[in-house]
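Descriptive analysis of the structure
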Amino acid sequence: MKPIGPLMREHRRIERIIPVLKTELNRIDKGNEANVELLTVAVDFFRTYADRTHHGKEEDILFRELVKKPLSPEHKTTMDELIQEHIYARKTVSALVAAKDAYRKGDKGAVRDIVKRVTELVNFYPAHIEKEDQHFFYPVLDYFSKQEQDDMLQEFWEFDRLLIHEKYQRVIEELETNLTPQ
Ligand SMILES: [Fe+2]
Ligand SMILES: [Fe+2]
């Protein structure tokens, strides 16, 4: 398998959140309450899966190795754009969290911000994924030897292996921090 194999498989999973969120936008548009539980799960999906697991492998491994190569100006530009787009995605998810928290605490007007941020994410991810799938992953593979590609794939698996522990280390630390003595 090529190292872009797992990344593209992750794209196929990430894009499945889009129809879910479009359905939620339609429900809100019809005058229903925002589904805070669904949005909380979606935020975790974006943060833990799309960002840490997926963008993490792109930035911490693939892009880290690409900067060591004599990239064409076009590939360098695209990689810089992709990095900026990851930053945009993180900021948008954080803004969605703020809107969702305000809404949950009773600020019903925050539903407009929820709609704004969810719409931004629904528009962003398919375009970002298409840019990588159609215009970046295949051409940049040519910078790597077969051995380098195999090593990268191994590093991807190792990266993934550690994530479940990282995630629940954070969960337990948050639970401990928020523990109120009885
Ligand atoms: Fe990306
Ligand atoms: Fe990606």
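Description of the structure in this document. These figures come from a predicted structure and were not determined experimentally.

The coordination sphere of the iron ion (ligand 1) contains the protein donors Glu58 (OE), His86 (NE2), His128 (NE2) and Glu132 (OE), at a distance range of 2.1 to 2.2 Å. Coordination at the iron ion (ligand 1) is irregular, judged from the four donor atoms that bind it and the angles of 86 to 174° they form at the metal. Between the donor residues of the iron ion (ligand 1), the gaps in sequence give the motif E-x27-H-x41-H-x3-E. In this structure, the iron ion (ligand 1) lies 3.1 Å away from the iron ion (ligand 2), the two metals sharing Glu58 as a donor. Note that His128 and Glu132 are positioned in helix α5 (residues 111-135) at a spacing of four residues, about one turn of the helix.

This part covers the coordination of the iron ion (ligand 2). The coordination sphere of the iron ion (ligand 2) contains the protein donors His11 (NE2), His54 (NE2), Glu58 (OE) and Glu132 (OE), at a distance range of 1.9 to 2.1 Å. Taken in sequence order, the residues that donate to the iron ion (ligand 2) follow the motif H-x42-H-x3-E-x73-E. Of the residues examined, Glu58 reaches a relative accessible area of 0% and is grouped as buried. For Glu132, a relative accessible area of 0% gives the class buried.

So, about the packing of aromatic side chains. Inspection of every chain in the model, using the stated rule, returns seven aromatic pairs. Their ring planes at 75° and their centres at 6.3 Å tell us that Phe45 and Phe46 sit as a pair that is edge-to-face. Residue Phe46 is classed as buried on the basis of its relative accessible area of 1%. Over the ring of Tyr103 we find Lys108, and its NZ or CZ is 4.4 Å from the ring centre. One residue, Lys167, lies across the ring of Tyr168, its end atom 5.9 Å from the ring centre.

Below, the discussion takes up the environment of Phe63. Within the element layout of this structure, Phe63 appears in helix α3 (residues 36-66). Look at Phe63 and you get buried, because its relative accessible area is 3%. In sequence terms Phe63 and Gly109 are 46 residues apart; their C-alpha atoms lie 40 Å from each other.

We now examine helix α2 (residues 17-29). Taking 1.5 Å of rise per residue, 13 residues should cover 18 Å, and α2 covers 18 Å from first to last C-alpha, within 8% of that figure. Contacts from the buried residues of α2 go to α1 (4-14), α3 and α5. Looking one or two residues past α2, Gly31 carries a phi angle of roughly 100°, positive in sign.

Looking at where Gln149 falls in the secondary structure, it is placed in helix α7 (residues 146-177). With a relative accessible area of 10%, Gln149 lands in the buried category. Aside from chain neighbours lying at most four places away, what touches Gln149 is Lys2, Pro3, Leu141 and Phe144.

Another point: the packing of helix α4 (residues 73-104) against α5. It is at 9 Å that the axes of α4 and α5 come closest, and there the two elements cross at 155°. The orientation of α4 with respect to α5, classified from their angle, is roughly antiparallel. Between α4 and α5 lies a crossing whose hand is left-handed. Its residues placed into classes, the contact of α4 with α5 shows 14 nonpolar, four polar and eight charged.

Cut-offs used in this document
Residues numbered from 1 in each chain as written. Chains lettered and ligands numbered in written order. Predicted model: local features only at pLDDT ≥ 70, side-chain atom pairs only at ≥ 80, totals over all residues. Heavy atoms only, no water. Donors = N, O, S within 2.8 Å, 3.2 Å for Na, K, Ca; no water. Tetrahedral: all angles 85-135°; square planar, octahedral: opposite > 155°, others 65-115°. Helix = DSSP H or I, 4+ residues; strand = E, 2+ residues; numbered from the N terminus. Buried < 20%, exposed > 50% of the residue type's maximum accessible area, 1.4 Å probe, protein only. Phe/Tyr/Trp six-rings, centres within 6.5 Å; stacked < 30°, edge-to-face > 60°. Lys NZ or Arg CZ within 6 Å of the ring centre and 35° of its normal. Expected span 1.5 Å × (residues − 1). Contact = heavy atoms within 4.5 Å. Axes fitted to C-alpha atoms, helices over the stretch in contact; angles between N-to-C directions. Parallel < 35°, antiparallel > 145°, perpendicular 65-115°, else oblique. Left-handed = near helix turned anticlockwise from the far one by under 90°. Nonpolar A, V, L, I, M, F, W, Y, C, P; charged D, E, K, R; others polar.

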